[in-house]
Amino acid sequence: MRALLVVNPKATTTSGRTRDVLAHALANDLKLDVVATGYRGHARDLAREAAREQTHDVVVALGGDGTVNEVVNGLLHDGPGEHLPALAVVPGGSTNVFARALGLPNDPVEATGVLLDALSRPESPRQRSISLGRSGGQGLPDRWFTFTAGFGFDAGVVGRVEQARRDGRRSTHALYVGQAWRQFFEEGRNRRNGPITFSSDGMDPVPGLAVSIVSNTSPWTYLGNRPVYASPEAGFDTSLDLFGMTRMSLVQTLRTIPQLLDSTGAGPHGKHVVAYHDLAEFTLHSQEPLPFQVDGDHLGERNTISFTGVSRALRVIV
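Because the structure is a prediction, the values reported are computed rather than measured.

**Remarks on the pairing of strand β13 (residues 240-245)**
Regular strands have side chains that alternate between both faces of the sheet.
Here is step 1 of the chain: Within β13, six of the six residues are buried, leaving the element largely enclosed by the surrounding structure.
Here is step 2 of the chain: Burial along β13 is two-sided: L240, L242 and G244 facing one way and D241, F243 and M245 facing the other are all buried.
Here is step 3 of the chain: Where strand β10 (residues 211-215) lies against β13, five bridges are found, and the strand directions are antiparallel. What sits directly across from S215, in β13, is D241.

Pasting the structure below:
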């Protein structure tokens, strides 16, 4: 089996020595090409070439959720299809939501073992076809996402974290929590009078959203080893879920946080909570530009974003 290993040399939790060991282990069982990314978007470019030229059977992403997102967008640049290489993931980031949602170990060495076992029979590798989310609008290229997209508050937090990392801060869960509280106390007006409106064909519009989180799977994210559930019913076999809040007062937020951490599957609920499951298409619109993110990658500000759930969009080695 021909495989392309796309390595992010800046992956948060994987040392150079570990990456070399993992590449050597994969090369023992696969016809392996290894390329380290050198710029933002490089993983996307490599995966797009592999898909167009059909040079590889599987593309392995070694890195965090950002690296995985780039590879997915490269593979699906020309749309889904059975001819595309399969995706495999070896987690190397600080959170690795997508890999963990697939049931893979969070340790890169253990995950490599699972991958090799799944590929042990090249004629019938262990794989599944999963649904993905696709966002677009305002004349911008579509952007695929594997586990989440956010418009407004949580995207603002992602933007703050990215700036902190550019300033030399290390990506940790404490950094995310700290930036979330800073975002919360500085937002003010948007927390009380949300500027976002949800709309979908055949449904009544819902205005006044202060936060809007789109999920393609669950958990939404992790705090250390603690899963966070924005939309507990979301999964790779359904379309998209939406969690929103029409008010983010301190009291309401403190009431919602334990619900986000509740593993019983009840999900966030209450007077100011908006929740939808298995949405095929919908739009989020804001009267003022708001930050937007997919899979933890800040994409700037937008006024209107359309979302589509695409079933069986990609084959993933599990």
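**A word on the packing of helix α2 (residues 42-53) against helix α3 (residues 65-75)**
Here is step 1 of the chain: Where α2 meets α3, the axes come as close as 7 Å, and the angle between the chain directions of the two elements is 35 degrees. Read as a crossing pair, α2 and α3 show a hand that is right-handed. Across the interface between the two elements, H42, A43, R44, A47, R48 and A51 from α2 touch T67, E70, V71, N73, G74 and L75 from α3.
Here is step 2 of the chain: Its residues assigned to classes, the contact of α2 with α3 shows five nonpolar, four polar and three charged.

**Quick look at the UniProt feature "domain: DAGKc" (unreviewed entry) in the chain**
Here is step 1 of the chain: Cross-referencing UniProt, the feature "domain: DAGKc" (unreviewed entry) maps to residues 1-139 in the present numbering.
Here is step 2 of the chain: Helix makes up 38% of residues 1-139 and strand 25%, and the two end C-alpha atoms of the span are 39 Å apart.

**Thoughts on the domain arrangement of the chain**
Here is step 1 of the chain: Here the chain is partitioned into domain 1 (2-125) and domain 2 (134-312).
Here is step 2 of the chain: If you average the C-alpha positions of domain 1 and of domain 2, the two centres end up 26 Å apart.
Here is step 3 of the chain: Between domain 1 and domain 2, the contact holds 17 residues from the first and 23 residues from the second.
Here is step 4 of the chain: When domain 1 packs against domain 2, close to 1,700 Å² is buried across both sides, 55% of that on carbon and sulfur atoms.
Here is step 5 of the chain: On the surface where domain 1 and domain 2 come into contact, there are one salt bridge.
Here is step 6 of the chain: Between R40 and D297 there is a salt bridge whose closest N-O contact spans 2.2 Å.
Here is step 7 of the chain: The tally of links from domain 1 across to domain 2 stands at six residue pairs in polar contact (both at pLDDT 80 or more).
Here is step 8 of the chain: Elements with a minimum of two residues in the side of domain 1 that touches domain 2: α3 and α4 (97-101).
Here is step 9 of the chain: For the side of domain 1 that touches domain 2, the leading source of residues is α3, giving six residues.
Here is step 10 of the chain: By residue class, the composition of the side of domain 1 that touches domain 2 is eight nonpolar, six polar and three charged.

**Observations concerning the packing of aromatic side chains**
Here is step 1 of the chain: For the coordinates displayed, the defined rule picks out nine aromatic pairs.
Here is step 2 of the chain: Arranged with centres 6.2 Å apart and planes meeting at 80 degrees, the rings of F145 and F307 form a pair that is edge-to-face. Taken together, the residues span a long stretch of sequence, with F145 in strand β6 (residues 140-145) and F307 in strand β16 (residues 297-317) at a distance of 162 residues. This pair shows no difference in class: F145 is buried, exactly as F307 is.
Here is step 3 of the chain: The buried category is assigned to F307, whose relative accessible area is 1%.
Here is step 4 of the chain: One aromatic cluster in this structure is built from F145, F198, Y276, F282, F292 and F307.
Here is step 5 of the chain: Seen from the ring of Y222, R100 lies directly overhead, with NZ or CZ sitting 3.6 Å from the centre.

Here is what the cut-offs are and how they apply
- Counting of residues starts from 1 at the beginning of each chain's written sequence and follows it residue by residue.
- A pLDDT threshold of at least 70 governs which residues receive local features in this predicted model, and a stricter bar of 80 or more applies before side-chain atom pairs are shown or counted, although totals over entire chains, interfaces and linings include all residues.
- To get the side-chain values, all heavy atoms of the structure are used, and hydrogens and water are removed first.
- Exposure is judged per residue with a 1.4 Å probe applied to protein chains only, and the accessible area is read against the type maximum: over 50% gives exposed, under 20% gives buried, and values in between give partly exposed.
- Here a strand is any run of E in DSSP of at least two residues, a helix any run of H or I of at least four, and the numbering for each starts at the N terminus.
- Being paired, for any two strands, means DSSP has found at least two bridges between them.
- Every axis in this analysis is a line fitted to C-alpha atoms, fitted for helices over the stretch in contact. Angles between the N-to-C directions lie between 0 and 180 degrees.
- Definitions for this section: a left-handed crossing has its near helix turned counterclockwise from the far helix by less than a right angle. A right-handed crossing has that turn clockwise.
- We call two residues in contact whenever any of their non-hydrogen atoms come within 4.5 Å of each other.
- Three classes are used, and their members are as follows: Ala, Val, Leu, Ile, Met, Phe, Trp, Tyr, Cys and Pro are nonpolar, Asp, Glu, Lys and Arg are charged, and the others, Gly among them, are polar.
- UniProt positions are given in the numbering used here, feature names are shortened, and annotations may be inferred rather than shown by experiment.
- Where each domain begins and ends follows an automated or database-derived domain assignment.
- Accessible area that two parts lose when put together, evaluated with a 1.4 Å probe and summed over both, is termed the buried area.
- Salt-bridge detection follows one rule: a side-chain nitrogen of Lys or Arg within 4 Å of a carboxyl oxygen of Asp or Glu.
- Polar contacts here mean pairs of N or O atoms no more than 3.5 Å apart (in protein, one a potential hydrogen donor and the other a potential acceptor; neighbouring residues in sequence count only if both atoms are side-chain atoms).
- Stacked, edge-to-face and tilted are the three classes for Phe, Tyr and Trp ring pairs, Trp counted by its six-membered ring, which pair at centre distances within 6.5 Å; planes under 30 degrees apart are stacked, over 60 edge-to-face, the rest tilted.
- The criterion for a charge sitting over a ring is simple: Lys NZ or Arg CZ within 6 Å of the ring centre, and within 35 degrees of the ring normal.

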